[in-house]
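As a plain string of letters, each chain reads:
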Protein chains: 2
Amino acid sequence: MNFSQYSSTLLENAVNEFSKLPGIGRRTALRLVLNLLRQPEEDVDRFTSAISAMRHEIKRCKICHNISDTDICHICASPSRDAQTVCVVENIQDVMSVENTQQFHGLYHVLGGLISPMDGIAPIDLEIESLVKRVQEGEVKEVILALSPTAEGDTTNFFIFKKLSPFSVKITTIARGVSIGDELEYADEITLGRSILNRMDFVESFKL
Amino acid sequence: MNFSQYSSTLLENAVNEFSKLPGIGRRTALRLVLNLLRQPEEDVDRFTSAISAMRHEIKRCKICHNISDTDICHICASPSRDAQTVCVVENIQDVMSVENTQQFHGLYHVLGGLISPMDGIAPIDLEIESLVKRVQEGEVKEVILALSPTAEGDTTNFFIFKKLSPFSVKITTIARGVSIGDELEYADEITLGRSILNRMDFVESFKL
């Protein structure tokens, strides 16, 4: 007889499902499942319902494609945001990162990925046409490209730049340079080289 | 206006629920939730159903109190296990640990914890009376105490030993000594001291 390592297939199924999550091994999965087993049934129901509701009911904002509980997300719907400036980001985590800086008061456009022939991600798979359409409508005055400084990010930046060049819209990109608080000796040479080429007026830099 | 960090309360609820799990911070919770958001709805349903079924349907074996899908667990129900030997463990993880050694062919008794006045865990909170009852029934010839070598483990060992002393049952405890494969210089002095006091015949040790 070949009994499972777990004395219960109910337990085993739960461990199997948990260990499909990224970074969760079987040992951690077992620890989490045994923890849930010790919780009151209502608490476990709240856990599973929250995940189920999230997966089934969450929406994508029809304008910026950020996740939202409503058809138009609260950022796009807010009258206090500057609708003339659109920050283009790869994914919803990046929206959160930029929002956390509290330095940006415009709207977003979530591409849903970066162009990557290696991973089979073509421009058509991303929300690029919808960005072009937003710009075409005329209200947007500046598009800030805030993509990762990687080969895929640069390819995507260039593709969007070409697509938007027929329109009278200002296209900018986030500054690349030595991270604030970093020791200069630990900065990689490409970043350091770029930060010298893109050097800025000392007095101006204080105004930021 | 104080908007949430997340652009969706559905997302936020799911992150909140995940971050209640031990060792899962908000950052990890967000990563896990966003991963689930990318999975097909069926897969997420399978995840939530497995956890829900586990929590609502899992049982405790009426004999050994190990978790089980049936009233009597597969170990207690197995005719190939030695019903005269009962290994007393703290929790269900310890059953798995001992089973993994493939060295034990008897039955188990899961206490559900250790006596710990500091944490308010009294003997009455544990499955000690049911162990006494099992021994009282007469079939059990040996009780192996396999509790952690801690103050709580020792207290519990002693308590059970006293409770079982009226009965003609052999009471043993797992050997404590230097871990196999460990360098002697890294063994703590109490373990090393015990392993000298409990030294065994060299030829006998090869028979194991």
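Rules behind the numbers
Residues numbered from 1 in each chain as written. Chains lettered and ligands numbered in written order. Predicted model: local features only at pLDDT ≥ 70, side-chain atom pairs only at ≥ 80, totals over all residues. Heavy atoms only, no water. Contact = heavy atoms within 4.5 Å. Buried area = accessible area lost by both parts, 1.4 Å probe. Salt bridge = Lys/Arg side-chain N within 4 Å of Asp/Glu carboxyl O. Polar contact = N/O pair within 3.5 Å; in protein donor to acceptor, adjacent residues only side chain to side chain. Helix = DSSP H or I, 4+ residues; strand = E, 2+ residues; numbered from the N terminus. Nonpolar A, V, L, I, M, F, W, Y, C, P; charged D, E, K, R; others polar. Expected span 1.5 Å × (residues − 1). Buried < 20%, exposed > 50% of the residue type's maximum accessible area, 1.4 Å probe, protein only. Arc of directions from axis to C-beta. Pairing = 2+ DSSP bridges. Axes fitted to C-alpha atoms, helices over the stretch in contact; angles between N-to-C directions.

Considerations on the interface of chain B and chain A
- Contacts between chain B and chain A engage 52 residues on the former and 52 residues on the latter.
- Buried surface at the junction of chain B and chain A, summed over both partners, amounts to about 5100 Å²; 68% is from carbon and sulfur atoms.
- For the chain B face of the interface with chain A, the top three residues by lost area are B:S7, B:L10 and B:R55, together amounting to 13%.
- Our enumeration of links across chain B and chain A arrives at two salt bridges.
- Residue B:E41 pairs with A:R55 through a salt bridge whose shortest N-O separation is 4.0 Å.
- Here chain B is connected to chain A by 17 residue pairs in polar contact (both at pLDDT 80 or more).
- Elements that contribute at least two residues to the side of chain B that touches chain A include exactly α1 (9-18), α2 (26-38), α3 (41-57), β2 (67-68) and α5 (92-101) of chain B.
- No other element matches the 15 residues that α3(B) contributes to the side of chain B that touches chain A.
- Of the residues that constitute the side of chain B that touches chain A, the class distribution is 26 nonpolar, 16 polar and 10 charged.

Looking at helix α7 (residues 151-164) of chain A
Residue and element names in this part refer to chain A.
- Given a rise of 1.5 Å per residue, 14 residues ought to cover 20 Å, and the 20 Å separating the end C-alpha atoms of α7 matches this to within 8%.
- Listing the buried residues of α7 in full gives G153, T156, N157, I160 and L164. For α7, the angular spread of the buried residues around the axis is 105°, confining them to a single face. Turned more than 90 degrees away from the buried face of α7 sit A151, F158 and K162, all of them exposed.
- Where the residues of α7 are buried, they touch β3 (82-89), α6 (129-136), β5 (142-145) and β6 (170-173).

Notes on the sheet that holds strand β4 (residues 106-110) of chain A
Residue and element names in this part refer to chain A.
- The four strands lie next to each other as β4-β3-β5-β6, forming an open sheet whose pairing is parallel. The sheet terminates laterally at β4 and β6, the two strands that pair on one side only. Mean inter-strand twist for the sheet, computed between neighbouring axes without regard to direction, equals 25°.
- Pairing between β3 and β5: four bridges, direction parallel. Residue pairing for β5: V86 is matched across the bridge by V143.

Interpretation in functional terms is not warranted from these geometric data alone.
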